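Structural features, examined
The lines below spell out each chain.
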Amino acid sequence: MTTTATTSEDLFPTRLTTPSDFIARTQPTVWGSADDGPFSASELEAHEKRGFTITDDFISADDVALYSSELDRLAADSSLKGDPRLITERTTGAVRSVFEVEKLSSVLSALARSPKVLDRARQIVGSEVYLHQTRINYMPSFTGTGFYWHSDFETWHAEDGMPIPRSVSLSIALTDNYPFNGGLMVMPGSHRTFVPSVGETPDNNHEQSLQAQEAGVPSHAAITALADKYGIDQFTGDAGSALWFDSNIMHGSGNNITPYARSNVFMVFNSVENALVEPFAASAPRPEHIANRDFTPIS
Ligand code: 6CS
Ligand code: FE
C-alpha cells in the first residue's frame, strides 16, 4: 500500500481561458499490489497500462434481476419527482439517471459494501475508500442520449475539488451492452494524459451538465490527438459484466435509438487520502448527492 499526503495544490489546472498543453500524469493508476486483493498481478499490470478492466459475470443473473427491479422502482418512485437526485432526459423527460442510490436502496448499498466490490476498489486505490458518487444510468431505448467525450476526473477536480486521480469507477451492466445501444467507448491508456479544458465553469453547472456536459469537454483537436494515440475501445458485455475504470480515462457514449435500453449502476470509490478540498475551477462545490463530502471509509 502506498500512501501520500493530500495537497490542495492544483496539479491539474483546467477550465482555462486559453488552451494549454496536455499534462502527463505522474500518479500511479494502480496503488495497491496483488497481495492486497483479488486482482492478480497481471490484471493489475493491464489495468495500469489500459486504465480499465472488464470482469465478465461479475454479478449473477439473480442479482441483475434484483438490481434491475431496484432501477425500475427508483425510476417509478413518485417521491423522487422533483428530487435533485433524479435527472431526466432533456428532450423526452424520461429518467436519465438517479444519483446517491446507496441512500435510496439498501440493496445497492449492500452491493457497494460487498467484499467483491470493496476488496477490488481498495486494491486499486491502495487505501480505504469512500463513495464519491453513485448513480444509475438508464440510457432508455429509442431516445436515450449519450455522454460526450470527457474525463470524469477533470470534472471532479474542477467542480468537486478532487486533488489527484486516485479513485476508481465501477460500472455494472444491468442490460446487455451491444455496440449499437449507446455502449461506453474508452480510449485505452488515455488515463495517463490529463487534458486541460478551456472555458470557465458556469455557476450551478451541474443543473445542465448532468443532462449534457459542455464545460470541461475536450476540444476536437484534443479528442483527435488522443484517439490517434490511444485508439477507441467499445465496452460491450452481457448484463452482469463489470467495467472498472480510472477516473481520468477519456470516455463517452453515443445515443441509443435501439429498442434495447443500456442501463448500468455506476459507483465511484475515492481514496480516503484523496478527500475533496475546495473546487479547483468552480465558484462553489457541487451538492453532496453528486460529490459526497463524508469521507468516512466505507465498510
Ligand atoms: O459530472 C459528473 O460527476 C458525472 N458526469 C459524467 C458525464 N460522468 C461522470 C459523472 O457521473
Ligand atoms: Fe463519465
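Scroll up to find the structure this text is about.
1. Here's the deal with empty space enclosed by the protein
Overall, the coordinates contain two cavities of 30 Å³ or more when judged by the stated rule. Looking at the largest cavity, its volume works out to about 50 Å³. Taken together, Glu-100, Glu-102, Lys-103, Leu-131, His-132, Gln-133, Thr-134, Glu-288, His-289 and Asn-292 form the lining of the largest cavity. Elements represented by at least two residues in the lining of the largest cavity include exactly α3 (101-104) and β5 (129-137). Looking at which element gives the most residues to the lining of the largest cavity, the answer is β5, with four residues. Put simply, the second largest cavity is a space of about 40 Å³. Around the second largest cavity sit Ser-171, Ile-172, Ala-173, Asn-177, Leu-184, Phe-235, Leu-243, Arg-262 and Asn-264, which together line it. Of all the elements, strand β7 (residues 167-173) adds the most residues to the lining of the second largest cavity, at three residues.

2. Section: the packing of aromatic side chains
In the structure shown here, the tally under the stated rule is eleven aromatic pairs. When the ring of Tyr-130 is compared with that of Phe-295, the centres are 5.1 Å apart and the planes differ by 65 degrees; the resulting orientation is edge-to-face. Of this pair, Tyr-130 sits in strand β5 while Phe-295 sits in the segment after β13 (264-271), placing them 165 residues apart in sequence. An aromatic cluster is defined as three or more aromatic residues linked by ring pairs; in this entry it consists of Phe-39, Phe-58, Trp-244 and Phe-269. In this structure, Arg-50 is placed above the aromatic ring of Phe-52, and the distance from its NZ or CZ to the ring centre is 4.3 Å.

3. With respect to the coordination of the iron ion (ligand 2)
Donor atoms from the polypeptide that coordinate the iron ion (ligand 2) comprise His-150 (NE2), Asp-152 (OD) and His-251 (NE2), at 2.1 to 2.3 Å from the metal. Angles of 81 to 177 degrees at the metal separate the four donor atoms of the iron ion (ligand 2), which places the site in the irregular class. Here the donor residues for the iron ion (ligand 2) map to a single chain with the spacing H-x1-D-x98-H.

4. A look at the sheet that holds strand β10 (residues 233-234)
In space, the four strands of this open sheet follow the order β6-β12-β8-β10, with antiparallel pairing throughout. Of all the strands in the sheet, just β6 (147-151) and β10 have a single pairing partner and so form its edges. Two elements, strand β8 (residues 184-186) and β10, share two bridges in a ladder whose sense is antiparallel. Across the sheet, residue Met-185 finds its bridge partner in β10, namely Gln-234. The strands touched by helix α6 (residues 152-160) within the sheet are β6 and β12 (250-253), with β6 carrying the most contacts at an inclination of about 70 degrees.

5. Concerning the sheet that holds strand β2 (residues 52-55)
With antiparallel pairing, seven strands are arranged side by side in an open sheet as β2-β11-β7-β13-β5-β4-β3. Edge positions in the sheet fall to β2 and β3 (86-88), since each has one partner strand and no second. Recorded for the sheet is a direction-independent mean angle of 15 degrees between the axes of neighbouring strands. Of the pairings in the sheet, the one linking β2 to strand β11 (residues 242-246) comprises four bridges and is antiparallel in character. Bridge pairing links Thr-55 to Ala-242 in β11. Across the sheet, helix α4 (residues 106-113) lies against β5, β7 and β13, angled at about 45 degrees from β13, the strand it touches most.

The rules we used
Along every chain, residues carry numbers that run from 1 in the direction the sequence is written. Key to labels: chains lettered from A, ligands numbered from 1, both in the order written. Predicted model: local features are reported for residues with pLDDT of at least 70 only, side-chain atom pairs are reported and counted for 80 or more only, and whole-chain, interface and lining totals are derived from all residues. Side-chain figures throughout are based on the complete set of non-hydrogen atoms in the structure, without hydrogens or water. Only protein atoms enter the calculation, which uses a 1 Å grid: trapped sets of points that fit a 1.4 Å probe without letting it out are cavities, open sets showing protein on both sides within 12 Å along at least five of seven lines are pockets, and any residue with an atom within 4 Å of a point is a lining residue. Grid points are joined across faces, edges and corners, and a volume is the space filled by probe spheres set on the points. Comment: elements are numbered from the N terminus, with helices defined as DSSP H or I runs of at least four residues and strands as E runs of at least two. Pairing of aromatic side chains here covers Phe, Tyr and the six-membered ring of Trp, requires ring centres within 6.5 Å, and sorts the geometry by plane angle: under 30 degrees stacked, over 60 edge-to-face, intermediate tilted. A ring is considered to have a charge above it if a Lys NZ or an Arg CZ atom is located within 6 Å of its centre and within 35 degrees of its normal. Each metal's donors comprise the N, O and S atoms found within 2.8 Å of it (within 3.2 Å for Na, K or Ca). Water is not part of the atom list, so some coordination spheres may appear incomplete. A four-donor site is called tetrahedral if each angle lies between 85 and 135 degrees; a four-donor site is square planar, and a six-donor site octahedral, when trans pairs exceed 155 degrees and the remaining angles lie between 65 and 115; all other cases are labelled irregular. Criterion used throughout: strands pair if DSSP finds at least two bridges between them. Throughout, a contact is declared for two residues whenever any of their heavy atoms are within 4.5 Å. Each axis is a line fitted through C-alpha atoms, and for a helix only the stretch in contact is used; angles between axes span 0 to 180 degrees, taken between their N-to-C directions.

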